[in-house]
Amino acid sequence: MADKLENLNNNLKHIPTWLDIDTAPWVIAGPCSAESADQIIETALALEKSPNVKVFRAGIWKPRTRPDTFEGVGPEGLEWLKLVKQQTRLLTTTEVATARHVELCLEKAVDILWIGARTTVNPFGVQEIAEALRGVDVPVMVKNPINPELGLWLGAIERLYQAGITKLAAIHRGFSGLVQTDYRNRPTWQIPIELKRCLPALPLICDPSHIAGRRDLVERVSQMALDFGITGLMVESHPNPDLALSDSDQQITPSELIEMLDRLKVRQVETTDPAVRDQIEYMRTQISRIDSQLIADLAERMKWVDKIGRLKRDCNVPVLQLNRWEYLLEDHLAQAREAGLEPAYVKAVFELIHANAVKKQL
Ligand code: PEP
Ligand code: MN
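Owing to the predicted nature of the structure, the values given are computational and were not obtained by experimental measurement.

Novice: Quick question: what am I supposed to make of the site of ligand 1 here?
Specialist: Every residue lining ligand 1 is accounted for by C32, R57, K62, E95, W114, G116, A117, R118, K143, R173, H210 and E236. In the model, an oxygen atom of ligand 1 is placed 2.8 Å from a nitrogen or oxygen of the K143 side chain. In the complex, 96% of the free accessible area of ligand 1, which totals 300 Å², lies under the protein chains. By residue class, the composition of the shell around ligand 1 is three nonpolar, two polar and seven charged.

Written out as structure tokens, the structure reads:
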């Protein structure tokens, strides 16, 4: 597995070889769905004004969660994307979910394809698309699966690579979860970070629109992406979001998008100011020192757990005393609150520590 990923990583074509990204952030923007030729042209002409916008997106086939909702205009929309190419400098991209979609897009010279979250979860679906792309040099972007499962995301990327596609990128669009949060799809940043660790050369793009689900959160999520060093954004934009036939709540107008891009702050990979560099170096040393201390403390804790485990066994006392665990957790959470720490964070840490302590005593 590691060898295979290394091979994939080494053979990926970097974004500048297939897309001119001379600005950061660089942006793929356009409506969730193509609705009419006028809507497409009006949006593309407005978005083209921003030098950051490089690619125009519009869904032609829309895999909708519920039936009886707008499922896209179909092949007619491909003619509208052609008009965008004729009338602007923007490249075009749309979602493909079947081999037939791929064929039609290639016929109409769509520049870049993407695989949606509802297709990435389906290995047969991805394989069918990969086969339709064999021998073709078109770039493909792969959205994460709707569920928080890195394997499916990696698997889809591998299937495309095995069909000969090397112009690949991943799009982080957040994950479904049972618990309702501020976001439509939780960002769960550790998954895209882990993807980047497995495939460092794979370009990662953030889709703040599908993570946010709400217009007022799109900027916050975009800034978070930039803070994580993700400089490519896919943002949904509609000339009249309230009237959009899909994802109306999360779309922003082209002028709102351009104003947002002006406000976003791109962080430098490494600062050139020696004073700031020294401060960062010092702070990193402090954090590493605390990490080492935490590891030493965890090891010492485990030694005591081992001792108490032996004593309990010798004296015929059960390993788990639920009352004590509940009391400890409450006490820890009270301390956490006092120290200004998020209780959910401290709870998660102690649950892990406790589960491992119980395991050690069994
Ligand atoms: C979309 O980009 O409009 C879309 C349907 O996205 P996702 O596959 O991320 O839900
Ligand atoms: Mn959408």
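Novice: What am I meant to see in the nonpolar core here?
Specialist: For soluble globular proteins, nonpolar side chains are generally found buried alongside one another. By size, the foremost hydrophobic cluster in this structure holds 70 residues, and its most contacted members are F56, L133, W153, I157, L160, L168 and L195. Counting residues per element, this core draws most heavily on helix α8 (residues 150-162), at seven residues. In terms of nonpolar packing, the next biggest core, distinct from the first, is built from 13 residues, I15, W26, I28 and M141 among them.

Novice: I tried to follow the packing of aromatic side chains on my own but got confused; where do I start?
Specialist: One pair of aromatic rings is described through two measures. These are the centre distance and the angle between the planes. Applying the stated criterion across every chain, the model contains two aromatic pairs. Arranged with centres 6.5 Å apart and planes meeting at 75°, the rings of W153 and F175 form a pair that is edge-to-face. Within this pair, whereas W153 is found in helix α8, its partner F175 is found in the loop between β6 (168-172) and α9 (190-198), the two being separated by 22 residues in sequence. Judged on exposure class, the residue W153 and its partner F175 are both buried.

Novice: It is not clear to me how the sheet that holds strand β3 (residues 91-95) should be interpreted in this structure. Could you clarify?
Specialist: Pairing between the strands of a sheet comes from backbone hydrogen bonds, and it takes one of two forms, parallel or antiparallel. Read around the closed barrel, the eight strands follow the order β1-β2-β3-β4-β5-β6-β7-β8; overall the barrel is parallel. Strand-to-strand twist of the sheet, defined as the mean angle between neighbouring strand axes without regard to direction, takes the value 30°. As paired elements, strand β2 (residues 53-57) and β3 share three bridges and run parallel to each other. The residue bridging R57 from the neighbouring strand is T93, located in β3. Docked against the sheet, helix α3 (residues 37-47) engages β1 (26-30) and β2, running at close to 170° with respect to β2.

Criteria and cut-off values
- Residues numbered from 1 in each chain as written.
- Chains lettered and ligands numbered in written order.
- Predicted model: local features only at pLDDT ≥ 70, side-chain atom pairs only at ≥ 80, totals over all residues.
- Heavy atoms only, no water.
- Near = heavy atom within 4 Å.
- Polar contact = N/O pair within 3.5 Å; in protein donor to acceptor, adjacent residues only side chain to side chain.
- Areas by Shrake-Rupley, 256 points an atom, 1.4 Å probe, with all protein chains shown as cover.
- Nonpolar A, V, L, I, M, F, W, Y, C, P; charged D, E, K, R; others polar.
- Core = buried A, V, L, I, M, F, W, Y, C linked by side-chain atoms within 4.5 Å.
- Buried < 20%, exposed > 50% of the residue type's maximum accessible area, 1.4 Å probe, protein only.
- Helix = DSSP H or I, 4+ residues; strand = E, 2+ residues; numbered from the N terminus.
- Phe/Tyr/Trp six-rings, centres within 6.5 Å; stacked < 30°, edge-to-face > 60°.
- Pairing = 2+ DSSP bridges.
- Axes fitted to C-alpha atoms, helices over the stretch in contact; angles between N-to-C directions.
- Contact = heavy atoms within 4.5 Å.

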